[in-house]
Every structure is written in structure tokens, then in C-alpha cells.
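# Examining the three-dimensional arrangement
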Amino acid sequence: MPTLETQSSHQSKASKSGRKFEDEIYQLLIDQITNPEVSILRPRTHVYKPNIKKSRRRYACLTLHTSIGSIIGDTDIVIFNKKKKEPLVIISCKTSLHGRITESLYYARFYREKYPQLPQFFVTSDNHGEFGSEEKPRKSRVLATYENIFVYSWNPKTILGGCIKSKDSFIDDIKRVIDE
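As the structure is a prediction and not an experimental result, all values here were calculated from the model. (Residues numbered from 1 in each chain as written. Predicted model: local features only at pLDDT ≥ 70, side-chain atom pairs only at ≥ 80, totals over all residues. Heavy atoms only, no water.)

Soluble globular proteins tend to bury their nonpolar side chains together. In this structure, Ile25, Leu29, Ile79, Ile91, Phe170 and Ile174 are the most contacted members of the largest nonpolar core, which totals 20 residues. A per-element tally of this core places helix H6 (residues 170-179) first, with five residues. When sequence neighbours within four positions are dropped, the list of residues in contact with Ile79 reads Leu29, Val38, Ser39, Ile40, Glu86, Pro87, Leu88, Val89, Ile91, Ile174 and Ile178. Counting residues in each nonpolar core, the second largest holds twelve residues, with Leu64, Phe80, Tyr115 and Leu118 among its members. (Core = buried A, V, L, I, M, F, W, Y, C linked by side-chain atoms within 4.5 Å. Buried < 20%, exposed > 50% of the residue type's maximum accessible area, 1.4 Å probe, protein only. Helix = DSSP H or I, 4+ residues; strand = E, 2+ residues; numbered from the N terminus. Contact = heavy atoms within 4.5 Å.)

Take a look at the structure:
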């Protein structure tokens, strides 16, 4: 049985790996999306810092209100329309899907209620083949397909098809959404 120390060490490595992957995706977007009408932002890097009221207002459109409090969901990277001050695309970045895709899909549903046409992009390195194939789909593929989530795999071994796409189409698909 893993000790608390080994669990903590594993969690720390996973967290660092996830941040590094998110940084990579963010930099790719910054380098490739040059549309002056949009902002590419990482809400969680700004929203939870104390005493930054301006940032909190900037992301107010992402706030999900419930009867017991308000939160911001799984929004690793968000592309905003500067003029309308609304999100155009929400991007969730995950190195591991193990138990994490359901969290992203849960928040995606809330955001769809607020913005029915808002596309949700899920970017992953899918290190464990958690999507299966179209013929033998695993839970992650079934849920992503059912919820109409665009999934982009950075792992060349991932079996593509349906809602699971190669990283090569990620930027073009983002640009298509922005230009609509």
C-alpha cells in the first residue's frame, strides 16, 4: 500500500507535469492565434490571487453560480472575444485522463447551459490509451462523444476517429471557431 509520502510525491510530479503540458498548449496558442479580436487567457492563474479585483471582474462571465456559492469550472485556457467580453472556446488540458475527463465534462455541461454554442476543447497526452477505438470505445471516448466535446490527442499512439482528433488539427479548428 502506498504511503502518504509516496502519494504526495506522485501528486507533486503529476501536478508539475500537468502545468508543463498546459504551458505548452498555451504557448502554442499564443504563437499561432494572431487574431487581434481575441484574448487567450489562463483564468486560474489570475482569478484566485488575493486582492486582484480587476482580474475577478475580467472572468466574471466564467463564474458558475449555485445555491450555495459560485465557482469557476475546468477552464485551463479560455479564448475570449474582447469586444463582447464572452468566452469563444474553453480548453481543458490533461496529461492523464484517469478520473479527470468526467470532471471536465461536468463543468462543460454547466457552461453549455450558460453559453449553448460554446465549444469545449479537451487536449490530452492520453498516455494510457484511455479512449480505446471507435469499434471498442472506452468510457472516455463514449462520454466525450455523447457530450460533443472536441478531443485532441498529443499522443501519436491514440486511435483517432469520431470526436478524437490529432493535435495537427487543433489550431485550425480553434481558428475556425474564432472566425465564425
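Having seen the model, we can carry on.
Moving on to the sheet that holds strand S4 (residues 77-81). Overall, mixed pairing links the six strands, which are arranged S1-S4-S5-S6-S7-S8 in an open sheet. Each edge of the sheet is formed by a strand with only one pairing partner; in this case those strands are strand S1 (38-41) and strand S8 (164-166). Neighbour to neighbour, the strand axes of the sheet diverge by 25 degrees on average, direction disregarded. Sheet analysis places S1 next to S4, joined by four bridges and oriented antiparallel. By the bridge assignment for S4, Ile40 is matched with Ile79. (Pairing = 2+ DSSP bridges. Axes fitted to C-alpha atoms, helices over the stretch in contact; angles between N-to-C directions.)

Another aspect to go through is the layout of surface pockets. Empty space among the atoms can be located by rolling a probe the size of a water molecule over them. One number sums up the size of the second largest pocket: a volume of about 390 Å³. Together, 16 residues line the second largest pocket, and Pro87, Leu88, Gln117, Val177 and Glu180 are the ones closest to its centre. Residue contributions to the lining of the second largest pocket peak at three residues, all from strand S5 (residues 86-94). Each residue belonging to the lining of the second largest pocket can be placed in one class, and the counts come to nine nonpolar, three polar and four charged. (1 Å grid on protein atoms, 1.4 Å probe; cavity = no way out; pocket = protein on both sides within 12 Å on 5 of 7 lines; lining within 4 Å. Points joined across faces, edges and corners; volume = space filled by probe spheres on them. Nonpolar A, V, L, I, M, F, W, Y, C, P; charged D, E, K, R; others polar.)

The tally for this structure, following the rule as stated, stands at seven salt bridges. Among the ionic pairs, Glu22 bridges to Arg42, the shortest N-O distance being 3.1 Å. Of the two residues, Glu22 sits in helix H1 (residues 4-32) while Arg42 sits in the loop between S1 and helix H2 (44-47), which places them 20 residues apart along the sequence. Judged by its relative accessible area of 11%, Glu22 falls in the buried class. One salt bridge connects Lys94 with Asp76, and the closest N-O pair in it is separated by 3.6 Å. One end of the pair, Lys94, is in strand S5; the other, Asp76, is in the loop between strand S3 (70-72) and S4, and 18 residues separate them in sequence. Across the pair, exposure class does not vary: Lys94 and Asp76 are buried alike. Each of Glu22, Asp23 and Arg42 takes part in salt bridges that share partners, so that together they form one network. (Salt bridge = Lys/Arg side-chain N within 4 Å of Asp/Glu carboxyl O.)

In this section: the side chain of Thr63. Looking at the secondary structure, you find Thr63 in strand S2 (residues 63-65). Assessed through its relative accessible area of 17%, Thr63 is described here as buried. Not counting residues up to four positions away in its chain, the partners in contact with Thr63 are Ser70, Ile71, Ile72 and Lys114.

Looking at the chain as a whole, the pLDDT averages 83, with 82% of positions reaching at least 70. This model gives residues 46-56 a pLDDT under 50, and the stretch forms ten contacts once residues within four places in sequence are excluded. (pLDDT = per-residue confidence, 0-100.)

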